[in-house]
Amino acid sequence: MKTLVLGATTNKERYSYKAIHNLIGKSHQVVAIGSKKGMALDVQIETEKIPYHGIDTVTLYLNPQHQREYYDYIISLQPRRVIFNPGTENPEFYTLLKENGIEYEVACTLVLLATNQY
C-alpha cells in the first residue's frame, strides 16, 4: 500500500517526519509532498503536485486553510482514504471527499500504526 504524506518536512521533531519513519518501519511505500524539497529518511519530499498512481492513503499534516489548494489534487489521486491528523480536521473537505466516494478518517497516523490499525 502506498501512502502520500502531505505536509512532509525534513524536521525530525515534526509529526509528519515521524509518520514517514513509522510507515517505512512497517514496510509501507511512502511518497511525500511538502513546502520545501528535501529528504526524510530515503523519501524525497517533492513540492509539486505529482500525479502519483496507486495511492491508498493520503495522510494530512496541513491545517485546513492550506488544504484548500490540494482538494482537487487529492480527489484526482482517487485514494481509498484520507487521514485527518490532529489539527487538520476540515468538515468542508469531508463533504467533498464523501461526494467523490473517498473515505476519510479523523485519526492520528502514528497511533494507527502503533496499534496495528493502519
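As shown above, the structure is provided for reference.
What you see is a predicted model; the values in this text were computed from it and never measured.

What follows concerns the sheet that holds strand S7 (residues 103–106). Spatially, the seven strands line up as an open sheet ordered S3-S4-S2-S1-S5-S6-S7, and their pairing is mixed. Edge strands, defined here as strands with exactly one partner in the open sheet, are strand S3 (38–40) and S7. The mean inter-strand angle of the sheet, taken between neighbouring strand axes irrespective of direction, is 25°. Pairing geometry for S3 and strand S4 (residues 43–46), over three bridges, is antiparallel. The residue of S4 that forms the bridge with Ala40 is Val43.

Attention now moves to the nonpolar core. Leu4 and Ile74 are the most contacted members of the largest nonpolar core, which has 21 residues in total. Those elements that place two or more of their residues in this core are strand S1 (2–8), strand S2 (29–34), strand S5 (55–60), helix H3 (71–77), strand S6 (81–84) and helix H4 (91–99).

Moving on to the pattern of salt bridges. Counted according to the given criterion, the structure contains five salt bridges. The salt bridge partner of Arg80 is Asp56, with a shortest N-O separation of 2.8 Å. Taken together, the residues span a long stretch of sequence, with Arg80 in the loop between H3 and S6 and Asp56 in strand S5 at a distance of 24 residues. For Arg80, a relative accessible area of 37% puts it in the partly exposed group. Ionic pairing is found between Glu105 and Arg81, a salt bridge with its closest N-O pair at 3.0 Å. Within this pair, whereas Glu105 is found in strand S7, its partner Arg81 is found in strand S6, the two being separated by 24 residues in sequence. Its relative accessible area of 27% is what places Glu105 among the partly exposed residues.

For the rest of this paragraph, the subject is helix H1 (residues 15–25). Each α-helix winds once per 3.6 residues, and so residues spaced three or four apart point in a common direction. Ser16, Tyr17, Ala19, Ile20 and Leu23 are the residues of H1 that are buried. What you see down the axis of H1 is that its buried residues fit within an arc of 160°, all on one side. Those residues of H1 that are exposed and aimed more than 90 degrees away from the buried face are Tyr15 and Gly25. Of the surrounding elements, those touching the buried residues of H1 are S1, S2, S3, S4 and helix H5 (109–114). Taken from the residues just after H1, Ser27 is the one with a positive phi, measuring 65°.

The rules behind the values
- Residues numbered from 1 in each chain as written.
- Predicted model: local features only at pLDDT ≥ 70, side-chain atom pairs only at ≥ 80, totals over all residues.
- Heavy atoms only, no water.
- Pairing = 2+ DSSP bridges.
- Helix = DSSP H or I, 4+ residues; strand = E, 2+ residues; numbered from the N terminus.
- Axes fitted to C-alpha atoms, helices over the stretch in contact; angles between N-to-C directions.
- Core = buried A, V, L, I, M, F, W, Y, C linked by side-chain atoms within 4.5 Å.
- Buried < 20%, exposed > 50% of the residue type's maximum accessible area, 1.4 Å probe, protein only.
- Salt bridge = Lys/Arg side-chain N within 4 Å of Asp/Glu carboxyl O.
- Arc of directions from axis to C-beta.
- Contact = heavy atoms within 4.5 Å.

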